[in-house]
Amino acid sequence: MITAATRTSLDQLYQQALQDGCRVDLSDSCVVTSCDPAQQIATAPGQALILLNISSYQFRLLHLFHFEDSEEMACCLGRLLRSAEPPRGQDLLDAYGEVANMICGAVNRALCVPFHHVGMSTPLILGSACLRHLDMLSLSLQRHYQAQIGPGCHLSLTVGLMLTPGSQFDYQFERQHALEEQAGELALF
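Residues numbered from 1 in each chain as written. Predicted model: local features only at pLDDT ≥ 70, side-chain atom pairs only at ≥ 80, totals over all residues. Heavy atoms only, no water.

*Asks:* What should I look at first to understand the confidence of the model for the protein chain in this one?
*Replies:* Regions with low pLDDT should not have their predicted coordinates read in detail. When pLDDT is averaged along the protein chain, the result is 84; 86% of the residues meet or exceed 70. Under a pLDDT of 50 for its full length, residues 179-183 has, in the predicted model, nine contacts with residues more than four places off or in other chains. (pLDDT = per-residue confidence, 0-100. Contact = heavy atoms within 4.5 Å.)

Next comes the structure, spelled out in structure tokens:
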């Protein structure tokens, strides 16, 4: 069971994680919108999706990231990752995975407080055709977000929640520290 308050809290959590993960500093523009699940964000054929899971024995959160394939996005990713040059080829795929990892890491940290034994996967690259098969997963909740990172850069995120039978997912959002206060953290894997 997922309450309306939990749905609202998850939206707030993902909006914060996307805004914090898609900006180098607080002056950067990042507008996040929640989309109705019926308005699934279309992806261009052949473009890669980045998949990350956050799991516990009670639930699994599936995250599918789609990065716009444009020169503006490559430049934005280079800036986010503090690279002198925009990433290309395999480096671009690695940059997609790293940004997705930072965003999911923020979600994972927030969920570790109310849920113990939560773990996060490493990023996997899938074909965009996989989005067509989400309905086969019998998701308890499906949400879509779009982040506009400055002019001309878009990142889409599809989130699916799967619950263990008989489990309840109750979550209350609490705003995390500002972006500038998190600088310098080191995560060990």
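*Asks:* It is not clear to me how the packing of helix α1 (residues 4-21) against helix α3 (residues 90-112) should be interpreted in this structure. Could you clarify?
*Replies:* The packing of two helices is summarised by the inter-axis angle and the distance between the axes. Between α1 and α3, the shortest axis-to-axis distance is 9 Å and the interhelical angle comes to 140 degrees. In terms of axis orientation, α1 runs oblique to α3. Viewed along their axes, α1 and α3 form a crossing whose handedness is right-handed. Each of L13, Y14, A17, L18 and G21 in α1 lies in contact with α3, whose residues at this interface are V99, M102, I103, A106, V107, A110 and L111. Per-class residue counts for the contact of α1 with α3 are eleven nonpolar, one polar and no charged. (Axes fitted to C-alpha atoms, helices over the stretch in contact; angles between N-to-C directions. Helix = DSSP H or I, 4+ residues; strand = E, 2+ residues; numbered from the N terminus. Parallel < 35°, antiparallel > 145°, perpendicular 65-115°, else oblique. Left-handed = near helix turned anticlockwise from the far one by under 90°. Nonpolar A, V, L, I, M, F, W, Y, C, P; charged D, E, K, R; others polar.)

*Asks:* Mind showing me how you'd approach α1 here?
*Replies:* Residues spaced three or four apart along an α-helix face the same direction, because each turn holds 3.6 residues. For α1, built from 18 residues, the straight-helix expectation of 26 Å at 1.5 Å per residue is met to within 8% by its first-to-last C-alpha distance of 26 Å. Buried residues belonging to α1 abut β1 (30-35), β3 (59-67), α2 (71-80), α3, β6 (141-149) and β7 (154-163). (Expected span 1.5 Å × (residues − 1).)

*Asks:* Quick question: what am I supposed to make of the environment of E174 here?
*Replies:* Here E174 is to be found in the segment after β7. C-alpha separation for the pair E174 and Q12, spaced 162 residues apart in sequence, amounts to 8.8 Å.

*Asks:* How should I be thinking about the environment of V118 in this particular structure?
*Replies:* Mapped onto the elements of the fold, V118 is located in the loop between α3 and β4 (119-120). Looking at V118, the relative accessible area reads 14%, which means it is buried. With 58 residues separating them in the primary sequence, V118 and R60 have C-alpha atoms 9.3 Å apart. Contacts of V118, omitting those with residues within four sequence positions, involve I54, S55, S56, F59, N108, L111 and C112. (Buried < 20%, exposed > 50% of the residue type's maximum accessible area, 1.4 Å probe, protein only.)

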